[in-house]
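# Observations on the three-dimensional arrangement
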Amino acid sequence: MTDKTNHDTSDRADAEPDGGAVASGTQAHSETDYLTSEVNLLRPSTPFMRDHLRVIWTGFVAWAVIVFGPVTLTAVAPGAMTSTMPVLGFPIHYFLVAVGAPGGALVLAFWYARKRDELDEKYGIDHGGVAE
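Small disclaimer: the values here were computed from a predicted structure and weren't measured.

What follows deals with the overall build of the protein chain. Looking only at helices and strands, the protein chain has three helices and zero strands in total. Within the protein chain, the fraction of its 132 residues that count as buried is 18%. Of the roughly 10,200 Å² of accessible surface on the protein chain, a fraction of 63% belongs to carbon and sulfur atoms.

Time to look at helix α3 (residues 92–122). In α3, a bend of some 35 degrees at G100 exceeds every other bend along the element, and P102, a proline, comes one to four places later. Within α3, the full set of buried residues consists of A101, G104, L108, L119 and D120. Packed against the buried residues of α3 are α1 (47–76).

Counted according to the given criterion, the structure contains five aromatic pairs. The interplanar angle of 80 degrees and the centroid separation of 5.5 Å between the aromatic rings of F48 and Y123 together place this pair among those described as edge-to-face. Here the residue F48 occupies a position in helix α1, and Y123 occupies one in the segment after α3, the gap between them amounting to 75 residues. One aromatic cluster is present, formed by W57, F60, W63 and F68 through successive ring pairs.

Further remarks concern the environment of L42. Relative to the assigned elements, L42 resides in the segment before α1. Residue classification places L42 among the exposed residues on the basis of a relative accessible area of 69%. Separated by eleven residues in the primary sequence, L42 and L53 have C-alpha atoms spaced 8.3 Å apart.

Of the residues in the protein chain, 70% reach a pLDDT of 70 or more, and the chain-wide mean stands at 79. Below a pLDDT of 50 lies the segment residues 1–21, which in the model reaches eleven contacts outside its immediate sequence neighbourhood of four places, other chains included.

Structurally, T74 is set in helix α1. Among the polar contacts listed, one links the side chain of T74 to the backbone oxygen of P70, at a separation of 2.7 Å. If we skip the residues at most four places from it in the chain, T74 touches M81, T82 and H93.

Another aspect to go through is the environment of H52. Along the chain, H52 turns up in helix α1. Each C-alpha atom of the pair H52 and L119 lies 7.4 Å from the other, and the pair is 67 residues apart in sequence. Excluding anything up to four places from it in sequence, H52 contacts Y112, R116 and L119. A distance of 3.5 Å separates the side chain of H52 from the side chain of R116, its partner in a polar contact.

Turning our eyes to something else, we now look at the pattern of salt bridges. In the structure shown here, the tally under the stated rule is four salt bridges. In this structure, R54 engages D51 in a salt bridge whose closest nitrogen and oxygen atoms are separated by 2.9 Å. Remark: D51 and R54 occur in helix α1; sequence separation between them is three residues, near one turn of the helix. Owing to a relative accessible area of 52%, R54 belongs among the exposed residues under this scheme. Residues K122 and D51 are paired through a salt bridge, measuring 3.1 Å at the closest nitrogen-oxygen approach. One end of the pair, K122, is in helix α3; the other, D51, is in helix α1, and 71 residues separate them in sequence. Judged by its relative accessible area of 58%, K122 is exposed. Exposure remark for D51: the relative accessible area of 13% places this residue in the buried category.

Parameters at a glance
Residues numbered from 1 in each chain as written. Predicted model: local features only at pLDDT ≥ 70, side-chain atom pairs only at ≥ 80, totals over all residues. Heavy atoms only, no water. Helix = DSSP H or I, 4+ residues; strand = E, 2+ residues; numbered from the N terminus. Buried < 20%, exposed > 50% of the residue type's maximum accessible area, 1.4 Å probe, protein only. Areas by Shrake-Rupley, 256 points an atom, 1.4 Å probe, with all protein chains shown as cover. Bend = angle between axes of the 7 residues up to and from the residue. Contact = heavy atoms within 4.5 Å. Phe/Tyr/Trp six-rings, centres within 6.5 Å; stacked < 30°, edge-to-face > 60°. pLDDT = per-residue confidence, 0-100. Polar contact = N/O pair within 3.5 Å; in protein donor to acceptor, adjacent residues only side chain to side chain. Salt bridge = Lys/Arg side-chain N within 4 Å of Asp/Glu carboxyl O.

And the structure:
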C-alpha cells in the first residue's frame, strides 16, 4: 500500500491551471498575455493590474459614499437632513439623493476615464490600433 499523504510535488510545478499560465509577480506587464493567463482579481500579479485595482477600489469607495451617504445621514441626523433648502425649497436629503447621486456617478465616470488614461500612458498601452 502507498501512503497517500506523501505526494511528490515536483511534477506540479509545470502544471497549468485550466485558464492557462498564471502571471507571476516578477513578470513585466508587456510580457504578460492576459488573454491566456489566469488572473487573481484580489491579488493582481502585475504592477499595472495592482494600480488599476487601486483605482477601482477608490472609485468604489467614493461611489458608496456618494450613494449611501445621504441616506445614512438622513437616518443619523433626520432634523438637519429633512430641513428645507432656502432657494429650491426641497429637503436636503431629497436633493442629495435625486441630484447628488446621479451627478456623482457621472463625475466618477469621468474620473475613472482620466485615471485609466493615465495608467495606459504610464504602462505604454495603446488602444488606437487599426481594426482589421
